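Each chain is listed here by its residues.
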Amino acid sequence: MRVALFTTCLVDHLAPQVAAATVEVLRRAGVAVRYDPAQTCCGQLPLNDGFWPEARALARRHLALLAEADAVVIPSGSCTAMVRHWYPRLLEAGPDRDRAEAVAGRTYELCEFLVRRLGVTGIDAVFPHRVTYLASCHGYRELGLGALPLGLLRAVRGLELRPLPRIEECCGFGGAFAVKMTDLSASMLEAKLRAVEASGAEVVTGTDVSCLMHVAGGLRRRGSPVRAVHIAEILASRSP
């Protein structure tokens, strides 16, 4: 199987260790991974701000680079939802419509690729810490991940999973939402931080660097000892 890794902007620029962990997890699952350094933004940022022609141009570039892969794996529910749900809509009126629909059907968030495409129920990993899971909105709602990542976490040796109260509530990030509606975003974040701390976890994890960075910033400002770690890093871990 030819699997292409799409790293996302945030992982590429701010959290490259997540890309390395994703490659390690996929290789441990028996998958050879290809990475094209020419890849850029998937187009979600301009789309959300109303710049559809610019988003369409980035979608075409993404397809040109990754259309030949049997599967495209992304360590982000947000960017996966962009490719799966928005590419066919952005390109529905042009010659790229069929290719957009084909790539959308072969694009997976990391956890759903492991479970739904490969049938993996657990990765050989060790992470002896109390962990709670932050369900990002795109993965939870648009991709329907539900409890799927929790199954992978339960299979990690030494990991003690702590339920997150009101898991279905947004953390308040939402890309430009956190910038344009600061007060509302901060209020939503405060509720999420209280839930994370109430869980008794040492580590909060999730599928998206964006939401984890938002939560990590809030935890750091209030002096909380809780760390934010992407789920790929936990699944790739083999040491305490």
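Parameters at a glance
Residues numbered from 1 in each chain as written. Predicted model: local features only at pLDDT ≥ 70, side-chain atom pairs only at ≥ 80, totals over all residues. Heavy atoms only, no water. 1 Å grid on protein atoms, 1.4 Å probe; cavity = no way out; pocket = protein on both sides within 12 Å on 5 of 7 lines; lining within 4 Å. Points joined across faces, edges and corners; volume = space filled by probe spheres on them. Helix = DSSP H or I, 4+ residues; strand = E, 2+ residues; numbered from the N terminus. Nonpolar A, V, L, I, M, F, W, Y, C, P; charged D, E, K, R; others polar. Salt bridge = Lys/Arg side-chain N within 4 Å of Asp/Glu carboxyl O. Buried < 20%, exposed > 50% of the residue type's maximum accessible area, 1.4 Å probe, protein only. Phe/Tyr/Trp six-rings, centres within 6.5 Å; stacked < 30°, edge-to-face > 60°.

1. With respect to the layout of surface pockets
Phase 1 of the analysis: Of the voids in this model, the largest pocket is the one considered here, and its volume is about 570 Å³.
Phase 2 of the analysis: Along its surface, the largest pocket is lined by 24 residues, and Q44, S78, F173, G175 and S210 are the ones closest to its centre.
Phase 3 of the analysis: When contributions to the lining of the largest pocket are tallied by element, the ones reaching two or more residues are α1 (9–14), α3 (44–48), α5 (77–90), α8 (137–142) and α12 (209–221).
Phase 4 of the analysis: Per-class residue counts for the lining of the largest pocket are 13 nonpolar, ten polar and one charged.

2. Notes on the pattern of salt bridges
Phase 1 of the analysis: In total, this model carries 16 salt bridges according to the counting rule given.
Phase 2 of the analysis: Between R84 and E112 there is a salt bridge whose closest N-O contact spans 2.4 Å. With R84 in helix α5 and E112 in helix α7 (residues 110–117), this residue pair connects regions lying 28 residues apart in the sequence.
Phase 3 of the analysis: The class of E112 is buried, set by a relative accessible area of 2%.
Phase 4 of the analysis: Each of E190, R194, E197 and R222 takes part in salt bridges that share partners, so that together they form one network.

3. With respect to the packing of aromatic side chains
Phase 1 of the analysis: What the rule picks out here adds up to two aromatic pairs.
Phase 2 of the analysis: Between W52 and W86 the ring centres are 5.5 Å apart and the planes differ by 85°, which places this aromatic pair in the edge-to-face class. Placement of W52 in helix α4 (residues 52–66) and of W86 in helix α5 is noted, with a sequence separation of 34 residues between them.
Phase 3 of the analysis: Residue W86 is classed as partly exposed on the basis of its relative accessible area, which comes to 23%.

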